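Spelled out from the first residue to the last, the chains are:
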Amino acid sequence: MTRSNEEALKRTIRRRQLREMVPLADSTIYEMEQRGEFPRRFALTPRCVVWDLGEVQAWLAARRSKPILRAPKPDLKQRRARPIREPDQAPRGASTAG
């Protein structure tokens, strides 16, 4: 085989193999594909979708090379259910009688 033929033959992986490489939920992968943040799947048959192994490996290498910032913590004071009380407030219904 010549070098150009080897480059034309690309290895593909199915969903099970992708899950072993990328520990994300199917819904997360689908959403990232829709936003253009993950390599797109393509259909071999109406019931078989695959990903290009080279694209997935390149995506993983790019993710390793740049750090992903953690999401900021939520502001608990804005919660509607069970809001955080200020430390100077006494709990309601507390009885001081013994």
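Residues numbered from 1 in each chain as written. Predicted model: local features only at pLDDT ≥ 70, side-chain atom pairs only at ≥ 80, totals over all residues. Heavy atoms only, no water.

Asker: Explain the pairing of strand 3 (residues 48–52) here, please?
Answerer: If a strand is regular, its side chains alternate between the two faces of the sheet. A large share of strand 3 lies buried, amounting to four of its five residues. When strand 2 (residues 42–45) meets strand 3, the two strands line up antiparallel, connected through three bridges. Along strand 3, the bridge assignment pairs Phe42 with Val50. Linkage of strand 2 to strand 3, two consecutive antiparallel strands, is achieved through a turn of two residues. (Buried < 20%, exposed > 50% of the residue type's maximum accessible area, 1.4 Å probe, protein only. Helix = DSSP H or I, 4+ residues; strand = E, 2+ residues; numbered from the N terminus. Pairing = 2+ DSSP bridges.)

Asker: I keep staring at the nonpolar core and nothing clicks. Help me out?
Answerer: Residues Ile13, Leu18, Val22, Ile29, Met32, Phe38, Trp51, Leu53, Val56, Trp59 and Leu60 constitute the largest nonpolar core, which totals eleven residues. Broken down by secondary-structure element, the contributors of at least two residues to this core are helix 3 (26–35) and helix 4 (53–65). In contact with Trp59, other than residues within four places in its own chain, are Val22, Leu24, Met32, Glu37, Phe38 and Pro39. (Core = buried A, V, L, I, M, F, W, Y, C linked by side-chain atoms within 4.5 Å. Contact = heavy atoms within 4.5 Å.)

Asker: Help me understand the pattern of salt bridges in this model?
Answerer: Proximity of charged atoms lets side chains of opposite charge pair with each other. One pass over the structure, following the stated rule, counts four salt bridges. Here Arg19 and Asp26 are joined by a salt bridge, their closest N and O atoms 2.7 Å apart. The partly exposed category is assigned to Arg19, whose relative accessible area is 44%. In this structure, Arg35 engages Glu37 in a salt bridge whose closest nitrogen and oxygen atoms are separated by 3.0 Å. The exposed category is assigned to Arg35, whose relative accessible area is 52%. (Salt bridge = Lys/Arg side-chain N within 4 Å of Asp/Glu carboxyl O.)

In short, geometric facts, not functional conclusions.
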